[in-house]
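Working through the structure, step by step
Spelled out from the first residue to the last, the chains are:
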Amino acid sequence: MRFKSHLNSLKEIRQSLAPYIIALLTVTISLLLSVLLSSLLKPTMFMLFFAAVAISAWYGGMEAGLLATALSTVVIDYFFIEPLFTLFAYRIDSIVHLCVFLIIAIIMSCLHRQLRIFQQRLEKREKQLQVSEAKFRHLVESNIIGVFVSNSNGEIIEANEAFLKMLGYSREEILVGRVRWQDLTLTEDLALSEHSFLELEATKIFPLQEKEYCRKDGSSISILIGGTLLREADNNQEEVISFCLDISKRKQAEQEREQLLKREQAARSEAEAANRIKDEFLAVLSHEIRSPLNPILGWSQLLQSKKLDEVQTAHALEVIERNAQLQAELIDDLLDISRILRGKLNLNIRPVDLGLTIQAAIEIVRLAAQAKSIQIQTMVSTNIVQVFGDPSRLQQVIWNLLSNAVKFTEVGGRIDIRLERLDSQALITVSDTGKGIHPDFLPYVFDYFRQADSTTTRRFGGLGLGLAIVRHLVELHGGSVQAQSQGINHGATFIVRLPVMPTQILTKQDSKQPEQSLDLKGIKILVVEDDTDTREFTTCLLEEYGASVTAVTSASEALITFGEFQPDLLLSDIGMPDIDGYMLMQQVRTLPPEQGGKIPAIALTAYAGEFDYQQALRVGFQRHISKPVKAKKLVEAITDLVGVK
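In short, a report on the structure. What you see is a predicted model, and the numbers here were worked out from it, not measured in a lab.

Thresholds, definitions, all that
- Residue indices begin from 1 for each chain and proceed along its sequence in written order.
- The predicted origin of the model limits local features to residues at a pLDDT of at least 70 and limits the giving and counting of side-chain atom pairs to 80 or more, whereas totals for whole chains, interfaces and linings rest on all residues.
- By convention in this description, side-chain values take in all heavy atoms of the structure and omit both hydrogens and water.
- Pairing of aromatic side chains here covers Phe, Tyr and the six-membered ring of Trp, requires ring centres within 6.5 Å, and sorts the geometry by plane angle: under 30 degrees stacked, over 60 edge-to-face, intermediate tilted.
- Counting from the N terminus, the helices are the DSSP runs of H or I reaching at least four residues and the strands are the DSSP runs of E reaching at least two.
- Accessibility here uses a 1.4 Å probe with only protein chains present; expressed as a share of the type maximum, an area under 20% marks a residue as buried, one over 50% as exposed, and anything in between as partly exposed.
- A fitted line through C-alpha atoms represents every axis, and for helices the fit uses only the stretch in contact; the resulting angles, taken between N-to-C directions, go from 0 to 180 degrees.
- Should an angle fall under 35 degrees it is taken as roughly parallel, and over 145 as roughly antiparallel, whereas 65 to 115 is taken as roughly perpendicular and any remaining angle as oblique.
- Here is the rule for handedness: rotate from the far helix to the near one, and if that takes an anticlockwise turn smaller than a right angle the crossing is left-handed, while a clockwise turn gives right-handed.
- By definition, residues are in contact when any of their heavy atoms lie within 4.5 Å.
- Between any two strands, pairing holds if DSSP finds at least two bridges.
- Within this document, salt bridges are pairs made up of a side-chain nitrogen of Lys or Arg and a carboxyl oxygen of Asp or Glu, the two lying within 4 Å of each other.
- One less than the number of residues in a helix, times 1.5 Å, gives the span that helix is expected to have.
- Here, the term nonpolar core denotes a set of buried Ala, Val, Leu, Ile, Met, Phe, Trp, Tyr and Cys residues that are joined through side-chain atoms within 4.5 Å.

**Quick word on the packing of aromatic side chains**
- In the structure shown here, the tally under the stated rule is 2 aromatic pairs.
- Measuring from ring centre to ring centre gives 4.6 Å for Phe 148 and Phe 163, while their planes differ by 35°; the resulting arrangement is tilted. Of this pair, Phe 148 sits in strand β1 (residues 146-150) while Phe 163 sits in helix α5 (residues 161-167), and the two are 15 residues apart along the sequence.
- Taking relative accessible area as the criterion, Phe 148 reaches 2% and is therefore assigned buried.
- Judged by its relative accessible area of 2%, Phe 163 falls in the buried class.
- Geometrically, the ring pair formed by Phe 446 and Phe 494 is edge-to-face, given 6.1 Å between the ring centres and 85° between the ring planes. Of this pair, Phe 446 sits in the loop between β10 (425-432) and α13 (466-476) while Phe 494 sits in strand β12 (residues 492-499); the two residues are 48 residues apart in sequence, bridging distant segments of the chain.

**Points about the packing of helix α15 (residues 555-562) against helix α16 (residues 581-589)**
- Taken N-terminus to C-terminus, the directions of α15 and α16 make an angle of 20°; their axes are 10 Å apart at the nearest point. On the basis of the axis angle, α15 is roughly parallel to α16. Crossing of α15 over α16 shows right-handed handedness. Counting all contacts with α15, which are made through Ala 555, Ala 558, Leu 559 and Phe 562, the residues of α16 involved are Leu 584, Gln 587 and Val 588.

**Some words on the sheet that holds strand β17 (residues 623-626)**
- Pairing in this open sheet of 5 strands is parallel, and the strands run β14-β13-β15-β16-β17 from one edge to the other. Each having just a single partner strand, β14 (548-552) and β17 make up the two edges of the open sheet. Strand-to-strand twist across the sheet, computed as the mean angle between neighbouring axes with direction ignored, equals 20°.
- The pairing of strand β15 (residues 569-572) with strand β16 (residues 601-605) spans 3 bridges and is parallel. Counted as the bridge partner of Leu 570 is Ala 601 from β16.
- Those strands touched by α15 are β13 (524-528) and β14, and its axis lies near 155° from that of β13.

**Side note on the pattern of salt bridges**
- In the structure shown here, the tally under the stated rule is 8 salt bridges.
- In this structure, the salt-bridge partner of Lys 627 is Glu 529, at a minimum N-O distance of 2.8 Å. Here Glu 529 lies in the loop between β13 and α14 (532-544) and Lys 627 lies in the loop between β17 and α18 (631-643), a separation of 98 residues in the sequence.
- Look at Lys 627 and you get partly exposed, because its relative accessible area is 22%.
- What makes Glu 529 buried here is its relative accessible area of 3%.
- Ionic pairing is found between Lys 627 and Asp 573, a salt bridge with its closest N-O pair at 3.6 Å. Taken together, the positions of Lys 627 in the loop between β17 and α18 and Asp 573 in the loop between β15 and α16 put the pair 54 residues apart, joining distant regions of the chain.
- A cluster of three or more residues bridged by salt bridges with shared partners is formed by Arg 250, Lys 251 and Glu 254.

**Some thoughts on helix α17 (residues 610-619)**
- Among the residues of α17, Glu 610, Asp 612, Gln 615, Ala 616 and Val 619 are the ones counted as buried.
- Count one or two residues on from α17 and you reach Gly 620, which has phi positive near 130°.

**Remarks on helix α12 (residues 391-408)**
- Between its first and last C-alpha, α12 extends 26 Å over 18 residues, near the 26 Å set by a 1.5 Å rise per residue.
- Within α12, 13 of the 18 residues are buried, leaving the element largely enclosed by the surrounding structure.

**Focus: the nonpolar core**
- Counting residues in each nonpolar core, the largest one holds 41 residues, and the members touching the most others are Leu 354, Leu 402, Ile 417 and Ile 428.
- Counting only elements with at least two residues in this core, the list comes to α11 (354-371), α12, β9 (414-422), β10, α13, β11 (480-484) and β12.
- Looking at this core element by element, the count peaks at 7 residues for α12.
- Apart from residues lying up to four places away in sequence, Ile 428 is in contact with Leu 354, Ile 358, Ile 398, Ile 417, Arg 418, Leu 419, Phe 494, Ile 495, Val 496 and Leu 498.

Written out as structure tokens, the structure is:
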């Protein structure tokens with residue numbers, strides 16, 4: 001290492017002394033040549049020394065030139081100016097000659113210095129230009145972006161592989177001048193491109209812009225393009241170099257992002273609308289639940305005061321029953337909607353005579369229609385029109401449509417209901433002369449929780465569930481329902497279409513079903529209910545029909561009772577403290593038959609969901625009846641079970 005360092009030091013010393021050695025050598029050579037050629041050069045004795053100064057200044061710089069100038073002056077004075085071999089010149093002309101030589105030599109050294117500096121700068125710029133050209137060529141040949149050159153006519157005369165691949169053209173097509181940028185530009189972008197070229201002529205720069213280019217196969221490609229005036233060629237023709245980048249993926253991503261944003265905004269709007277509808281529904285639900293409670297509680301308090309006469313008492317009981325029935329219907333609608341939303345609404349399919357179903361539905365709403373002096377006109381086909389369906393659910397459909405018509409029809413109005421057969425479909429049409437439906441609301445009339453008017457000033461009550469239930473029930477039967485209205489105060493028409501039964505399997509449906517005996521005499525029933533009021537009511541109801549009732553308040557008491565006597569039927573609540581109805585039923589089913597393990601059992605509960613129904617059957621109940629219950633329905637269920645015991 002030390003030897004190498006020593007060599008490097010010597011090399012640096014030699015390089016630093018080289019200019020001065022060159023100056024010394026050139027002056028020495030000039031002296032020798034001048035001596036040898038003195039007879040020929042006598043008039044121009046200084047010429048060779050000018051060469052020595054020029055060579056020294058060129059290769060060694062100004063310092064070497066000045067050294068050569070000084071040495072040449074001394075040599076000339078010593079060897080060629082009389083008196084010879086002395087540095088003192090006494091003649092004026094000799095002194096002038098030396099001064100002129102000295103001045104010219106110094107000027108030559110300065111000029112050579114400037115020339116050398118200029119040459120170094122020129123070499124440096126050439127190297128920079130070569131590096132820049134190499135970088136640009138590398139950029140073009142790397143094909144990262146498309147590059148093309150066009151002339152003043154718009155013909156593309158050069159292009160790299162990236163551009164050719166981008167547009168689908170071959171190099172031969174480019175070289176023969178068949179491709180012009182005007183042909184690549186879409187019609188709608190031509191005006192923008194021509195404006196950009198006018199700006200190019202003014203500023204020498206083609207501004208960046210996004211546009212569509214037409215590929216050779218006719219498809220379009222999104223590009224980002226910019227350019228600049230390259231040079232002025234011969235014949236005053238200008239060439240433009242352009243750079244283009246394929247941004248199709250970016251544009252596609254932007255479009256997808258915009259679509260996603262639109263979908264998100266639409267989803268947000270739908271969520272906000274759904275949230276608003278939910279709030280409106282809850283407000284209406286609260287109103288519809290509380291409203292019947294007011295007359296129920298009010299008349300109950302008046303009845304307890306015992307200050308009402310017989311007529312007022314009868315009216316109070318009628319009001320209480322009607323409003324309790326309204327609440328029961330409201331709860332039934334909510335349960336139906338819950339089953340519909342969970343896909344748990346089941347149908348008991350059998351042949352149904354639609355004519356009889358319509359008559360039964362009319363009987364339900366007749367009193368309400370008579371109270372408003374509304375005429376119900378019925379036009380039913382003389383031919384029996386039967387469908388496969390659930391008779392109670394189909395009656396619910398028609399009753400909902402008729403009750404809506406009665407609700408929204410003014411006093412003295414008219415309701416028309418028509419049943420006819422059209423090919424393989426049964427058409428039920430319910431039309432009225434009532435309020436009608438606003439055109440803006442018509443598309444949403446069958447939506448869940450939607451009401452045309454949910455404000456506090458609305459004239460008509462309800463939760464807005466009836467028509468949603470109608471649509472779902474009709475669709476479960478393979479049919480469709482449609483609403484029509486000319487607008488507010490022009491009435492409304494609902495058309496239900498149902499597939500009819502094939503003619504060969506039509507059955508005669510008797511309008512009068514044989515009534516079942518509702519006598520419970522001799523039947524021993526064990527009632528398990530933790531709520532005192534419900535327990536006392538159920539006991540009283542069953543005893544009215546002749547049953548012998550034992551009522552207990554918990555499942556534990558019920559299990560003890562099984563050891564004391566054997567009831568014919570178990571009627572149990574589900575929601576009870578400590579041991580609920582499900583757990584009670586499971587324990588009962590583990591008992592031997594002689595201790596009541598096979599006893600018929602009914603779950604009488606406020607848990608009225610489909611899951612609750614299935615769970616009750618799973619643990620061993622034969623029936624699941626939801627509260628509030630009608631006396632007839634409960635007694636019929638009891639007689640059915642005890643009758644098949």
